[in-house]
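Tertiary structure, described
What follows is each chain in one-letter form.
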Amino acid sequence: MNHFEHRGGVLHAEDVPLPLIAEQIGTPVYVYSKATLVRHARVFKEALSNLKDPHIAFAVKANPNLAVLKVLQREGFGADVVSGGEMDRALAADIAPHHIVFSGVGKTHSELVQGLAADIGQFNLESEEEGYELSVIAAQLGQRARCALRVNPDVDARTHAKISTGKAENKFGVPIDRAGEIYAALAGLPGIEMRGIAVHIGSQLSSLEPLETAFSKVGSLIAELRAQGQSVTHVDLGGGLGVPYRTDEILPSPAEYGAMVTRVTRDWDVSLSFEPGRVIAGNAGILLTRVIRLKRSSNASPFVVVDAAMNDLARPAMYGAWHDIDAVEPSGMRQCAHVVGPICETGDTFAMNREMDALKAGDLAIFRTAGAYGATMASSYNSRGFVPEVLVDGDRFAVVADRLPAADIMAAERVPDWL
Ligand code: LLP
């Protein structure tokens, strides 16, 4: 459920007609709906309401916009960050340091120091080596870092290979069959408090089964660690719940996910935390674009050339991802079309032979489900500027990220005087 609907033949974001945003801000532009973000946050919280005091840390990578983080902070969400930059954003959105969890295989020395200086809630260690390094730094600073060991359960998440993280060959976490030994080694180090386990097997999961398998393995590991005399008080179950990208797609609901988690973790006696990203932000955003022109192709379907491109929304080019495309003011006519951007490579294709609303030059259209992994993955490829972002709340809207024009990006470059 989201708040991007046609009213009187015109697509609105909540109560704001999208042509108004296009006129005032220009296109392409990301548009987020605050009501949808809030609704998703509440549905997710409600789904976990049978758990004792769950901690929900929004995966900042999904949508790091400060205004989006602020909305979620107000809903009581913490943050899952994977870089010093994301940590800065979470703190700037007033997310309490103890509500920040730091994930990622490549935390640098200075990022570990930054996390300690901010006194963040938890470091999710992705390797034994990282634990040793953090121990030295924390001990030098006279601190004790709260840590979880991220395990790799070797479970196939059955999602796109590029966003699967829980198979043995993936770079994430430590092999679950070595976790007991590594946990014990790290627990004995100064500067570190090993307090639990973290797991995240992938993103856009369309079935709960792989998650349940992974969580069951974590359950066995908790028992094994406790039998060895280790303390396990916290478990982070990651994110990963998928969202429908096509109107006819059925995915497990947050309620079904919550029920599964409640059942599987019943006897764990730990504080649980979660790192949802896409399920909160995905359907809370769209990318608004304008058709530049129609061009004949070698088959009956025309190329609809839009002003958004793969640098603005990378998912179709990167993962072959589907995003529904709708006209902002549909004429009622349908067409079969190829939808492409202006960038000079064939990968800059949003849809081929897509049965969709008929569009002509000058028309506005949207890519749906672009609130997660949309603007955050944008680049300036082909010397295109960075796409702006707008947040709608009822009948008002605000630019929450300015368009960064190509000229400003060029202004940061220098030609050395020896050239
Ligand atoms: N926690 C960790 C440790 C993660 O690596 C991720 C996502 C999440 C949580 C959030 O997962 P979510 O709930 O959003 O599925 N760019 C890709 C998605 C990459 C996901 C990376 N990790 C895409 O556009 O599909």
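Residues numbered from 1 in each chain as written. Predicted model: local features only at pLDDT ≥ 70, side-chain atom pairs only at ≥ 80, totals over all residues. Heavy atoms only, no water.

**Focus: the site of the ligand**
Near the ligand there are 18 residues, and of these S203, E275, R315, Y319 and Y373 occur at the shortest range. Contacts to the ligand include D80, whose side-chain N or O atom sits 3.4 Å from a nitrogen atom. Alone, the ligand offers 590 Å² of accessible surface; in the complex the protein occludes 92% of this. Here the residues of the shell around the ligand are counted per class, giving 6 nonpolar, 6 polar and 6 charged. (Near = heavy atom within 4 Å. Polar contact = N/O pair within 3.5 Å; in protein donor to acceptor, adjacent residues only side chain to side chain. Areas by Shrake-Rupley, 256 points an atom, 1.4 Å probe, with all protein chains shown as cover. Nonpolar A, V, L, I, M, F, W, Y, C, P; charged D, E, K, R; others polar.)

**Considering the pattern of salt bridges**
For the structure shown, the criterion picks out 19 salt bridges. Note that R178 and E128 form a salt bridge whose closest N and O atoms lie 3.4 Å from each other. Here the residue R178 occupies a position in the loop between β10 (174-175) and α7 (179-187), and E128 occupies one in helix α6 (residues 128-140), the gap between them amounting to 50 residues. Taken together, the salt bridges that share partners define one network made up of K34, D393 and R396. (Salt bridge = Lys/Arg side-chain N within 4 Å of Asp/Glu carboxyl O. Helix = DSSP H or I, 4+ residues; strand = E, 2+ residues; numbered from the N terminus.)

**A look at the sheet that holds strand β3 (residues 16-17)**
The strand order β1-β2-β3 describes an open sheet built from 3 strands, whose pairing is antiparallel. Here the strands that pair on one side only, and so sit at the sheet edges, are β1 (4-7) and β3. Direction of pairing for β1 relative to strand β2 (residues 10-13): antiparallel, over a ladder of 4 bridges. Its bridge partner being in β2, E5 is matched across the sheet by H12. (Pairing = 2+ DSSP bridges.)

**Points about the nonpolar core**
If you look at the biggest cluster of nonpolar residues, it comprises 102 residues, and the most contacted ones within it are F123, L149, F215, V235, Y257 and W268. Among the elements that make up this core, the one with the highest residue count is helix α8 (residues 209-227) (7 residues). Counting contributing residues, this core receives three or more from each of domain 1 (4-32 + 282-411) and domain 2 (34-278). Once residues within four sequence positions are removed from consideration, F215 is found in contact with V199, L237, Y257, M260, V261, V264 and W268. Core analysis: the second largest hydrophobic core is formed by 17 residues, F4, L18, L288 and L364 among them. (Core = buried A, V, L, I, M, F, W, Y, C linked by side-chain atoms within 4.5 Å. Buried < 20%, exposed > 50% of the residue type's maximum accessible area, 1.4 Å probe, protein only. Domains from an automatic or database assignment. Contact = heavy atoms within 4.5 Å.)

**Comments concerning the domain arrangement of the protein chain**
Each assigned domain of the protein chain is listed with its residue range as follows: domain 1 (4-32 + 282-411) and domain 2 (34-278). Computed from C-alpha atoms alone, the centre-to-centre distance between domain 1 and domain 2 is 32 Å. Contacts between the two partners involve 22 residues from domain 1, matched on the other side by 23 residues from domain 2. Taken as a group, Y319, W322 and Y373 account for 28% of the area that domain 1 buries against domain 2, more than any other trio of residues on that side. On inspection of domain 1 and its partner domain 2, the count reaches 1 salt bridge. Its salt-bridge partner being K34, residue D393 comes within 4.0 Å of it at the nearest N-O pair. When residues of the side of domain 1 that touches domain 2 are traced back to their parent elements, those giving at least two are α11 (315-319), β20 (389-393) and β21 (396-401). A total of 4 residues in the side of domain 1 that touches domain 2 trace back to one element, the largest contributor, which is β20. (Buried area = accessible area lost by both parts, 1.4 Å probe.)

**Concerning helix α1 (residues 18-25)**
Listing the buried residues of α1 in full gives L18, I21 and A22. One side of α1 holds all its buried residues, which, seen down the axis, span an arc of 100°. Opposite the packed face of α1, turned more than 90 degrees from it, sit the exposed residues E23 and Q24. G26 sits one or two positions beyond α1 and adopts a positive phi of about 90°. (Arc of directions from axis to C-beta.)

**Some words on the pairing of strand β6 (residues 78-81)**
Of the two faces of β6, the one lined by G78 and D80 and the one lined by A79 and V81 are each fully buried. Looking at chain direction, strand β5 (residues 55-59) and β6 are connected through 3 bridges and run parallel. What sits directly across from F58, in β6, is A79. A crossover connection joins β5 to the parallel β6 through helix α3 (residues 66-74); in handedness this β-α-β unit is right-handed. Relative to strand β7 (residues 100-102), β6 runs parallel, the two sharing 3 bridges. Bridging across to β7, V81 finds its partner in F102. Handedness of the β-α-β unit built from β6, helix α4 (residues 84-92) and β7 comes out right-handed. (Right-handed = clockwise from strand over helix to strand, strands pointing away.)

**Observations regarding the packing of aromatic side chains**
Counted according to the given criterion, the structure contains 6 aromatic pairs. Seen from their ring centres, F44 and F274 are 6.4 Å apart, and the 75° between their planes marks the pair as edge-to-face. Note that F44 is positioned in helix α2 (residues 34-47) and F274 in strand β13 (residues 271-274), a separation of 230 residues in sequence. With relative accessibility at 0%, the residue F274 sits in the buried group. Ring plane angle 75° and centroid distance 6.2 Å describe the contact between Y257 and F274, whose orientation is recorded as edge-to-face. Separated by 17 residues along the polypeptide, Y257 in helix α9 (residues 254-264) and F274 in strand β13 bring together distant segments of the chain. Accessibility assignment for this pair places Y257 and F274 in one class, buried. An aromatic cluster is present here, built from F44, Y257 and F274 joined pairwise through their rings. One residue, R246, lies across the ring of W322, its end atom 3.7 Å from the ring centre. For the cation-ring pair, R354 lies above W322, with the distance from its terminal atom to the ring centre recorded as 3.5 Å. (Phe/Tyr/Trp six-rings, centres within 6.5 Å; stacked < 30°, edge-to-face > 60°. Lys NZ or Arg CZ within 6 Å of the ring centre and 35° of its normal.)

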